[in-house]
Amino acid sequence: MANQGVNDPVNLGRRRFLTATTAVVGAVGAGFVAVPFIKSWNPSTRAKLAGAPVTADISALGENQRLILEWRGQPIWIVKRSKAVLDALPTLDGELRDPKSENKDQQPAYIKGEFRSLKPEISVLVGLCTHLGCSPEMKAEIRPEPFDPNWKGGYFCPCHKSRFDMAGRVFQGVPAPSNLLVPPHHYADDNTIVIGVDPQGAA
Ligand code: FES
């Protein structure tokens, strides 16, 4: 089956049915800390091949921690950003290639602003560099890094040194041409994110 684009319309009723038939296997990590897998229920192979939605419980996610899921063969990052990180995001606009997310291919239409998220603190991204598809490292803390003495938190791709902020916005002067992709998603409730289905009523 061909992959759907990020803005493809979805059939919410069908997606809801598929949500009930698929599964989540994720891991939360912050820095070098590995936290055990979170497992909700087992996916059927057919559902995975069909690109069925994936549901994640984010209630245990701490500040600057990341939950990693797989959806349509891609890593999906769900990150809870600290207030300091959120406060830093607007200060970075002048260093970024597409600070206002004007490239419409990189996020659904309902993802707006410098946070690029439905809720300010929760970021959802496809964890693949937009240069050649490596998986960037998360460097969520605001502290000097060897590749940037003024680092405000973000993602660093070691393959060819592309940098992205904590909203997945790409910096100027790096090989990656565009911001990290935001997949279609919505909240089923305060602590449950469904990857692969737009919010009800979203264009
Ligand atoms: S793949 Fe990330 S910089 Fe080249």
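Residues numbered from 1 in each chain as written. Predicted model: local features only at pLDDT ≥ 70, side-chain atom pairs only at ≥ 80, totals over all residues. Heavy atoms only, no water.

For the rest of this paragraph, the subject is the nonpolar core. If you look at the biggest cluster of nonpolar residues, it comprises 25 residues, and the most contacted ones within it are Y155, F164 and M166. Those elements that provide at least two residues to this core are β6 (74-80), α3 (83-88) and β9 (154-157). A56, I58, L61 and V124 belong to the second-largest nonpolar core, a separate cluster that totals 15 residues. (Core = buried A, V, L, I, M, F, W, Y, C linked by side-chain atoms within 4.5 Å. Buried < 20%, exposed > 50% of the residue type's maximum accessible area, 1.4 Å probe, protein only. Helix = DSSP H or I, 4+ residues; strand = E, 2+ residues; numbered from the N terminus.)

All chains considered together, the criterion is met by 1 disulfide. In this model, C134 is linked to C159 through a disulfide, with the two sulfur atoms separated by 1.9 Å. Linking C134 and C159, the disulfide has an S-S dihedral of approximately -100° and is accordingly described as left-handed. Taken together, the positions of C134 in the loop between β7 (122-126) and β8 (137-139) and C159 in the loop between β9 and β10 (162-165) put the pair 25 residues apart, joining distant regions of the chain. By relative accessible area, which is 22% here, C134 ends up partly exposed. (Disulfide = S-S within 2.5 Å.)

From the geometry alone we can't say anything about function, so treat these as descriptive.
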